[in-house]
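Take a look at the letters that make up each chain.
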Amino acid sequence: MKDVRVVSTWTDLTRDSAVYLLFTFSAIKVSQFIYRCFQSSETSSFSMETHPEALRRERILSSKLYFNVPETKVSIIYSSAYDISFMGIEKLHPFDSTKWRRVCKFLVSDGFLEEKSIVEPLEASNSDLLVVHSLNYLNSLKSSATVARITEVPPVAFFPNFLVQQKVLSPFRKQVGGTILAAKLAVERGWAINVGGGFHHCTAERGGGFCAFADISLCIHFAFLRLSISRVMIIDLDAHQGNGHETDLGDDSRVYILDMYNPEIYPYDYSARRFIDQKVEVRSGTSTDEYLRKLDKALEVAFLNFQPEMVVYNAGTDILDGDPLGLLKISPDGITSRDEKVFRVAREREVPVVMLTSGGYMKSNARVIADSIENLSRQGLIKTQLDSAST
């Protein structure tokens, strides 16, 4: 009987040992698998962090901002979400934050555009913005005081940041999406107009001058990768110097910058001026005739010096006579002629052109922009109405 108990005990011990060994072996294998996964993740993370271009590439390729636009739409981009309405405090800044809506309203009422044919973009996500901006900069926008400084509307500092994000920054993000999408449309169809955007004072690390996000820099980086574009010309004809894209892209040989601006007004960024390939200064009081003569010469020189595969045209209307910030004396017809000259020089060379509306600080700006777009349509430089077969 004693021998039976010994055998039974030995059998139990053997079984328990086998189970223990099997469990131990399995635990070791699982631990090794988890370690390899962690190591792989850590290596990937380390690789991305130490190779920002790889991370930028990944973000651009995974972005949803490029999407296929049906032929029933024209190359004019706008959303009602562009317009800023924040308990009336937006009126404390001279910029007309309903300008974009009014431009489209004029185009529709004048019979040059059908509302249903306008393209609505997606809003740029944090991942999209991180293609150019640093995480530190985006985190700084969680301070309402920072947004107040950028928008030049001091009362914004006293509002909860979630409201500032919703009422101020979200419209800007939507316009960024419009600028980025405009490049894709322009390459596919020859031209595109984002009835918004042109935030040319914002750099990767700092916003200012009512510009919270660097949409021009973002647009170009997306185009380099997703559209296989290798040479971009920025034609910045806003009255103010485009110090944002100059800081971000001025040392990139793939980008040529023609900036025609008033040196006597904001931003006085002498450091960024070093990056302008072709600097044309037009001082306060410059007349329409003088302005257009300088523009003709500037465009001739620019296209002799550089052969772009895409033009980004920052078409600010703060050059208009009477603008309180631009201080130039360009007539409405002068702005129409200016825009026509830029589109004609690009279209004749079969270079896709992206137009952004940028600055302008009078209520009349919307009408002037609409009139200019209508002239581009009449001249056959753009097509704002679909053929009956397309509809």
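Residues numbered from 1 in each chain as written. Predicted model: local features only at pLDDT ≥ 70, side-chain atom pairs only at ≥ 80, totals over all residues. Heavy atoms only, no water.

**Student:** Help me understand the packing of helix H11 (residues 288-305) against helix H12 (residues 332-348), please; the structure alone is not making it clear to me.
**Tutor:** The geometry of a pair of packed helices is captured by two quantities: the angle between their axes and the separation between those axes. Running from amino to carboxyl end, H11 crosses H12 at an angle of 10°, the nearest separation of the two axes being 10 Å. It follows from the interaxial angle that H11 and H12 lie roughly parallel. Contact with H11, carried on its side by Thr 288, Tyr 291, Leu 292, Leu 295, Asp 296, Leu 299 and Phe 303, involves Gly 334, Ser 337, Arg 338, Lys 341, Val 342 and Val 345 of H12 and no other residues of that element. The class makeup of the residues in the contact of H11 with H12 is 7 nonpolar, 3 polar and 3 charged. (Axes fitted to C-alpha atoms, helices over the stretch in contact; angles between N-to-C directions. Helix = DSSP H or I, 4+ residues; strand = E, 2+ residues; numbered from the N terminus. Parallel < 35°, antiparallel > 145°, perpendicular 65-115°, else oblique. Contact = heavy atoms within 4.5 Å. Nonpolar A, V, L, I, M, F, W, Y, C, P; charged D, E, K, R; others polar.)

**Student:** I tried to follow the packing of aromatic side chains on my own but got confused; where do I start?
**Tutor:** Ring pairs (aromatic) are described by centroid distance and by the angle formed between their planes. Overall, the coordinates contain 5 aromatic pairs when judged by the stated rule. Ring plane angle 80° and centroid distance 5.4 Å describe the contact between Tyr 78 and Tyr 82, whose orientation is recorded as edge-to-face. For Tyr 82, a relative accessible area of 0% translates into the label buried. Geometrically, the ring pair formed by Phe 172 and Phe 210 is edge-to-face, given 5.5 Å between the ring centres and 90° between the ring planes. Here Phe 172 is found in helix H7 (residues 161-189), whereas its partner Phe 210 is found in the loop between strand S2 (191-194) and helix H8 (215-226), with 38 residues between them in sequence. (Phe/Tyr/Trp six-rings, centres within 6.5 Å; stacked < 30°, edge-to-face > 60°. Buried < 20%, exposed > 50% of the residue type's maximum accessible area, 1.4 Å probe, protein only.)

**Student:** What is the right way to read H12 from this model?
**Tutor:** Taking 1.5 Å of rise per residue, 17 residues should cover 24 Å, and H12 covers 24 Å from first to last C-alpha, within 8% of that figure. Considered for burial, the residues of H12 that qualify are Gly 334, Ile 335, Thr 336, Arg 338, Asp 339, Glu 340, Val 342, Phe 343, Val 345 and Ala 346. Residues of H12 that are buried sit in contact with S2, strand S3 (232-236), H11, strand S6 (310-314), strand S7 (353-356) and helix H13 (365-378). Following H12 by one or two positions, Glu 350 adopts a phi angle in the positive range, close to 60°. (Expected span 1.5 Å × (residues − 1).)

**Student:** What's the story with the environment of Pro 160 in this structure? I'm lost.
**Tutor:** Among the structural elements, Pro 160 can be located in the loop between helix H6 (144-151) and H7. Judged by relative accessible area, Pro 160 falls into the partly exposed class, the value being 39%. For the pair Pro 160 and Ser 144, spaced 16 residues apart in sequence, the C-alpha separation works out to 7.0 Å.

**Student:** Help me out: how do you make sense of the sheet that holds S6 in this one?
**Tutor:** Judged by pairing direction, the sheet is parallel, and its 7 strands sit side by side in the order S1-S2-S7-S6-S3-S4-S5 without closing on themselves. Each edge of the open sheet is held by one strand with a lone partner, namely strand S1 (76-77) and strand S5 (278-281). Here 4 bridges tie strand S4 (residues 255-261) to S5, and the two strands are oriented parallel to one another. From the neighbouring strand, Leu 258 faces S5, where its bridge partner is Gln 278. Across the sheet, H11 touches S3, S4, S5 and S6, and the angle it forms with S4 is around 170°. (Pairing = 2+ DSSP bridges.)

Function cannot be read off these values alone, since they describe shape.
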